[in-house]
Amino acid sequence: MPEPMNEIQRRSRLLELLSTLIFALLALAICVEAVMLPNAENPFAAAKSSIILRLPVLFYLMAIWMMRRAFGALAKGALFNDVVPFLLKWIGFALSAGAFMTVFGVPILYRIVLAGGTGSIANFDPAAIAIGIVGLMITILARLFAQAADIRAELEEFF
């Protein structure tokens, strides 16, 4: 039976590689889209629209990058308590911010910048709302992990 830490490190290396691949593919897709903008009928309007519509993706990319960092640190043998609470906080923030941008930011910016003040002020996308709630829950869990690590360290001082 493999040693538990070695198994965690092996899986973390694999997940680090997978999250790097996903990050790179999404970043490449955004770059390809940006390169194609000058070919649009109205490049300036297309650029404004593309920037507004892709704002949530920047936050989701941040979440993926933070996950990649967490997997990388665990793969190198970092202790869970030292890495995970901090990075989970940022993953939760990024997911919540991306969802907020999807539900409120994009419609409001689209309304202000492109639609001349008309249009909706929210996009009630159940998937984005769920991602936002999960992000908030992850931030709370990160705080709980940090408190548990502090309590564990304090208890270890006694023994």
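Bear in mind that the values here come from a model prediction, so they are computed numbers and not experimental data.

Asks: So what about the side chain of S49? Which residues, and what values?
Replies: Tracing the backbone through its elements, the reader meets S49 in helix 2 (residues 43–75). Taking relative accessible area as the criterion, S49 reaches 18% and is therefore assigned buried. Ignoring any residue separated from it by four or fewer positions in sequence, one finds S49 in contact with Y110 and L114.

Asks: Before we move on, could you go through the packing of aromatic side chains and cite the residues and values that matter?
Replies: Enumeration over the complete set of coordinates arrives at three aromatic pairs. Residues F23 and W65 carry aromatic rings whose centres are separated by 5.0 Å and whose planes lie at 55° to one another, so their mutual orientation is tilted. Separated by 42 residues along the polypeptide, F23 in helix 1 (residues 4–36) and W65 in helix 2 bring together distant segments of the chain. With a centroid separation of 5.4 Å and 45° between ring planes, the pair formed by F100 and F104 is classed as tilted.

Asks: Let's hear about the pattern of salt bridges: which residues, and what values?
Replies: Proximity of charged atoms lets side chains of opposite charge pair with each other. Applying the stated criterion across every chain yields a total of five salt bridges. One salt bridge connects R10 with E7, and the closest N-O pair in it is separated by 2.7 Å. Of this pair, R10 and E7 both sit in helix 1, three residues apart, roughly one helical turn. The exposure class assigned to R10 is partly exposed, which follows from its relative accessible area of 45%.

Rules behind the numbers
- Residues numbered from 1 in each chain as written.
- Predicted model: local features only at pLDDT ≥ 70, side-chain atom pairs only at ≥ 80, totals over all residues.
- Heavy atoms only, no water.
- Helix = DSSP H or I, 4+ residues; strand = E, 2+ residues; numbered from the N terminus.
- Buried < 20%, exposed > 50% of the residue type's maximum accessible area, 1.4 Å probe, protein only.
- Contact = heavy atoms within 4.5 Å.
- Phe/Tyr/Trp six-rings, centres within 6.5 Å; stacked < 30°, edge-to-face > 60°.
- Salt bridge = Lys/Arg side-chain N within 4 Å of Asp/Glu carboxyl O.

Coordinates in, geometry out; function isn't part of it.
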